[in-house]
Amino acid sequence: MLKISSSSAKNIIIIYSLKVIASTVLFITLLSLLFSFVILKLDLPLDYCKYFSVVTCSFSSFFVSYISIGSFKNNQLALSVISVVPLILFSVINYFIHGDNIALLFVKIILIVLLAFSSAYIRVKKK
């Protein structure tokens with residue numbers, strides 16, 4: 001387990017940031033591919049895409065925060081919330097581009113934060 005010290009803080013922060021960005025892109029891409037395949041194969045209406053986006057962002061937030069805080073010993077709750085900031089920004093930008101329902105955006109953000117908290121809690125209880 002890494003403990004942040006002043007001498008190696010720069011490298012740890014860079015590795016943490018790269019881990020967060022890479023895992024966010026990976027999980028959003030994989031889950032989007034999976035749910036688009038489900039919509040295509042089951043011939044579901046495209047209106048379900050916005051609901052699948054909530055599930056995609058929620059699962060991604062759980063896995064991103066779980067993976068990104070794995071090497072830290074302290075402040076895992078704060079780091080898990082910081083790790084889902086790119087996902088929240090992605091959701092807000094996606095809302096402004098597509099103009100979906102504002103309530104859906106708030107549900108998505110609340111689920112992202114709650115699942116990041118639960119991921120940190122599971123990680124802390126595991127140790």
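Each value, and the rule that gives it
Residues numbered from 1 in each chain as written. Predicted model: local features only at pLDDT ≥ 70, side-chain atom pairs only at ≥ 80, totals over all residues. Heavy atoms only, no water. Helix = DSSP H or I, 4+ residues; strand = E, 2+ residues; numbered from the N terminus. Expected span 1.5 Å × (residues − 1). Buried < 20%, exposed > 50% of the residue type's maximum accessible area, 1.4 Å probe, protein only. Contact = heavy atoms within 4.5 Å. Phe/Tyr/Trp six-rings, centres within 6.5 Å; stacked < 30°, edge-to-face > 60°. Lys NZ or Arg CZ within 6 Å of the ring centre and 35° of its normal.

Trainee: Can you explain helix H1 (residues 9–42)? Please cite residues and give values.
Mentor: Between its terminal C-alpha atoms H1 stretches 49 Å, which fits the 50 Å expected from 34 residues at 1.5 Å a residue. Within H1 the residues assigned to the buried category are Ala9, Ile12, Tyr16, Val20, Ser23, Thr24, Phe27, Ile28, Leu31, Phe35 and Ile39. Here the buried face of H1 lies against helix H2 (49–68), helix H3 (76–83) and helix H4 (85–98). One or two steps after H1, the chain reaches Asp43, where phi turns positive at roughly 55 degrees.

Trainee: Give me the lowdown on the packing of aromatic side chains, citing residues and values where you can.
Mentor: Under the counting rule described, the total for this entry stands at 5 aromatic pairs. Note on Phe27 and Phe63: the rings are 5.4 Å apart at their centroids and 20 degrees apart in plane angle, and the pair reads as stacked. Remark: Phe63 occurs in helix H2 and Phe27 occurs in helix H1; sequence separation between them is 36 residues. With 5.5 Å between their ring centres and 80 degrees between their planes, Phe62 and Phe63 make a pair best called edge-to-face. For Phe63, a relative accessible area of 35% corresponds to the partly exposed category. A connected cluster of aromatic rings, assembled from ring pairs, spans Phe27, Phe62, Phe63 and Tyr66. A cation sits over an aromatic face here: Arg123 above Tyr66, 4.0 Å from the ring centre.

Interpretation note: all reported values are geometric properties and have no functional meaning in isolation.
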